[in-house]
Amino acid sequence: MIRYTKNLQKKREMKNKLTTKQRLAKADKEMLGIVRKYLNRHGITVRKWLPYNDRRSSFRNVVYEAYFDAHQVSIPIPIDRYSFYVCMHEIGHLVRGDRRYGYVMEYVAERWALDRCQKYGYFTKQTERFAKQYVYRALLEDVVFRVHPIDKIRQDILDWIGCTAEQVRRDSIKLGKIMLTKRVPRPEVLVFNEKDIVDAPSAYKALIGISLEQLNLKASK
Ligand SMILES: [Zn+2]
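Caption draft 1: Structural view of the nonpolar core. Core analysis: the largest hydrophobic core is formed by 39 residues, its most contacted members being Tyr 85 and Leu 139. Of all elements in the fold, only α3 (29-41), β1 (45-50), β3 (72-76), α4 (81-96), α5 (103-119), α6 (125-145) and α8 (165-181) reach the threshold of two or more residues within this core. Mapped onto the domain boundaries, this core takes at least three residues apiece from domain 1 (1-122) and domain 2 (124-221).

Printed below as a string of structure tokens:
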């Protein structure tokens, strides 16, 4: 969790007041060209060019998003390798067209985005690490909030993240417990939308399921 001093907050608000044109003028020309190429190629329009400061603050008040029905994206101005990757992630959602929601949809978009980063020389290990963490968080959400069975998680995705189903089970229990004791925002939106509060009943249901699974495992041993 990142906390901001009032000063930083103010600075960011000032930055956000720039017009879209002013912000676009600051884009990395080469990156912007690539982003526009993919937008054109797939007939995607930009709903909003959003401000982008750095990887942490960018997720604070701003939601980057892909709109499937409108075939639109809200993306940051690409100014560095990380913002370029965020652009590719949102475009990737529409290009791949996977609408199953949850961790598989995020995984598909991440892979597409990372491939593009690699293709244009903007790939970094840090970006890849972030992508894996992002898919892992989405996966935990699916288990805890949407009661996704742990034994049905795609093994290839677990392998790519570099974790085991056992780890998912343990972290889901932890997350479920936090959700039950505190009204905290869902992890996916933890940093950008505080109105989006988890509903305790689904966390409770998932927690019971995971605990039962664990009890059964222990009982059968
Ligand atoms: Zn996404």
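From this point, things continue past the structure.
Caption draft 2: A look at α5. Under the 1.5 Å per step criterion, the end-to-end length of α5 is 24 Å for 17 residues, consistent within 8% with the ideal 24 Å. Every buried residue belonging to α5 is among Tyr 103, Glu 106, Tyr 107, Ala 109, Glu 110, Ala 113, Leu 114, Arg 116 and Cys 117, and all of these are buried. Elements in contact with the buried residues of α5: α4, α6 and α7 (155-161). Looking one or two places after α5, you find Gly 121, whose phi comes out positive at around 80°.

Caption draft 3: Main features of the environment of Ile 153. Locating Ile 153 in the fold gives a position in the loop between α6 and α7. Of the residues examined, Ile 153 has 20 C-beta atoms within 10 Å and is grouped as buried. With residues near it in sequence (within four places) discarded, Ile 153 still touches Leu 139, Leu 158, Ala 165 and Val 168.

Caption draft 4: Here's a closer look at unusual backbone geometry. Unlike most non-glycine residues, His 71 shows phi in positive territory, near 55°. Secondary-structure assignment places His 71 in the loop between β2 (65-67) and β3. Of the residues examined, His 71 has 13 C-beta atoms within 10 Å and is grouped as partly exposed.

Caption draft 5: The sheet that holds β1, seen in detail. Spatially, three strands are ordered β1-β3-β2 in an open sheet, and the strand pairing comes out mixed. The sheet is open, and its two edges are formed by β1 and β2, each paired on a single side. Mean inter-strand twist for the sheet, computed between neighbouring axes without regard to direction, equals 20°. The pairing of β2 with β3 spans three bridges and is classified as antiparallel. If you follow Ala 66 over to β3, its bridge partner there is Val 73. α4 contacts β2 and β3 of the sheet and is inclined by roughly 170° relative to β3.

Rules used in this analysis
Residues numbered from 1 in each chain as written. Predicted model: local features only at pLDDT ≥ 70, side-chain atom pairs only at ≥ 80, totals over all residues. Core = buried A, V, L, I, M, F, W, Y, C linked by C-beta atoms within 7 Å. Buried ≥ 20, exposed ≤ 12 C-beta atoms within 10 Å, placed from the backbone. Helix = DSSP H or I, 4+ residues; strand = E, 2+ residues; numbered from the N terminus. Domains from an automatic or database assignment. Expected span 1.5 Å × (residues − 1). Contact = placed C-beta atoms within 7 Å. Pairing = 2+ DSSP bridges. Axes fitted to C-alpha atoms, helices over the stretch in contact; angles between N-to-C directions.

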